[in-house]
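Coordinate analysis (summary)
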Amino acid sequence: MLEQGANLLQDKSPMKGFDVYVVGFHCAKCDPHMQMEAHHYCKVVNDDFLQCLIFDGNTSNANLIGIEYIVSEALFESLPANEQSYWHPHNYEVFSGELIAPGIPEAAETAFMKRLVNSYGKTWHTWHTGHHDGDPGDALPMGEAKLMWSFNRLGSATRRSSAIAIRPCRSTSTARPATARLTWNWLIHSAG
């Protein structure tokens, strides 16, 4: 009853626009062995700023586990040095093909991924559900939020390989985007 009334009568304006779906992998900055697949639903605020809701899956029973803010290289460079330490680079995720946008035409995915080249993310997870990483998770959000990070070189992740391996079963592949994205190296501005 409550949900029906809310659907009919309440304004959901803040939720509108979170319609760009990408899947990647996160690890905790303080504990790189804590790794999980992260399903992002992002809103493009402007050319320099996106905000994302992060879930542990893409089904109706997925749990909201965190948030990510994404900024352009220009905005990142304007941040104080101590603030920059909270932001991770996206280039390896983009160029390796680990970050994908399933279910959209290749041209649309390419355009979005090119937007993410040289960008940085500030990501906090509030709930480790254990989905996708084989660790026992928590039934509810517990403890402090964790600052999450990206994988920045080949071999930096230990558990994501099993999650990548099942991607073809879900009609998504890492190989195609990685091969296509190798030609974008001229877009890279920094080592991130």
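We now turn to the structure provided with this report. What you see is a predicted model; the values in this text were computed from it and never measured. (Residues numbered from 1 in each chain as written. Predicted model: local features only at pLDDT ≥ 70, side-chain atom pairs only at ≥ 80, totals over all residues. Heavy atoms only, no water.)

In terms of regular secondary structure, the protein is built from seven helices and seven strands. Here the protein holds 192 residues, and the buried ones make up 42% of them. Put simply, of all contacts in the protein between residues at least 6 apart along the chain, 62% involve residues at least 24 apart. (Helix = DSSP H or I, 4+ residues; strand = E, 2+ residues; numbered from the N terminus. Buried < 20%, exposed > 50% of the residue type's maximum accessible area, 1.4 Å probe, protein only. Contact = heavy atoms within 4.5 Å.)

Attention now goes to the pairing of strand S7 (residues 146–149). Here strand S1 (residues 20–28) runs beside S7; their pairing, made up of two bridges, is antiparallel. Bridge assignment links Ala28 to a residue of S7, and that residue is Met148. Pairing of strand S6 (residues 120–125) with S7, which is carried by three bridges, proceeds in the antiparallel orientation. Paired with His125 across the bridge in S7 is Lys146. (Pairing = 2+ DSSP bridges.)

Turning to the nonpolar core, a few remarks are in order. One recurring pattern in soluble globular proteins: nonpolar side chains tend to sit buried together. Formed by 13 residues in total, the largest nonpolar core has its most connected members in Val22, Val94, Leu99, Phe112, Met113 and Leu116. Secondary-structure elements contributing two or more residues to this core are strand S3 (49–55), helix H4 (91–96) and helix H5 (106–116). Considering each element in turn, this core owes the most residues, three residues, to H5. Cys27, Tyr92, Trp149 and Phe151 belong to the second-largest nonpolar core, a separate cluster that totals six residues. (Core = buried A, V, L, I, M, F, W, Y, C linked by side-chain atoms within 4.5 Å.)

Linking two cysteines covalently via their sulfur atoms produces the bond known as a disulfide. The final tally for this structure, using the stated rule, is one disulfide. Shown here is the disulfide that connects Cys42 with Cys52, its sulfur atoms set 2.1 Å apart. Since a negative S-S torsion denotes a left-handed disulfide, the Cys42-Cys52 link at about 100° is right-handed. Residue Cys42 is located in strand S2 (residues 35–46), and its partner Cys52 is located in strand S3; the two are separated by ten residues in the primary sequence. Classification of Cys42 by relative accessible area gives buried; the value is 1%. Just so you know, Cys27 is unpaired, no disulfide at all, and the nearest cysteine sulfur is the one on Cys30, 9.7 Å from it. (Disulfide = S-S within 2.5 Å.)

For the structure shown, the criterion picks out two salt bridges. Here Asp47 and Arg115 are joined by a salt bridge, their closest N and O atoms 3.9 Å apart. One end of the pair, Asp47, is in the loop between S2 and S3; the other, Arg115, is in helix H5, and 68 residues separate them in sequence. Here Arg115 falls in the partly exposed class, since its relative accessible area comes to 33%. Across the salt bridge formed by Glu83 and Lys122, the nearest N and O atoms sit 2.8 Å from each other. In this pair, Glu83 is assigned in helix H3 (residues 81–84) and Lys122 in strand S6, connecting sequence segments 39 residues apart. (Salt bridge = Lys/Arg side-chain N within 4 Å of Asp/Glu carboxyl O.)

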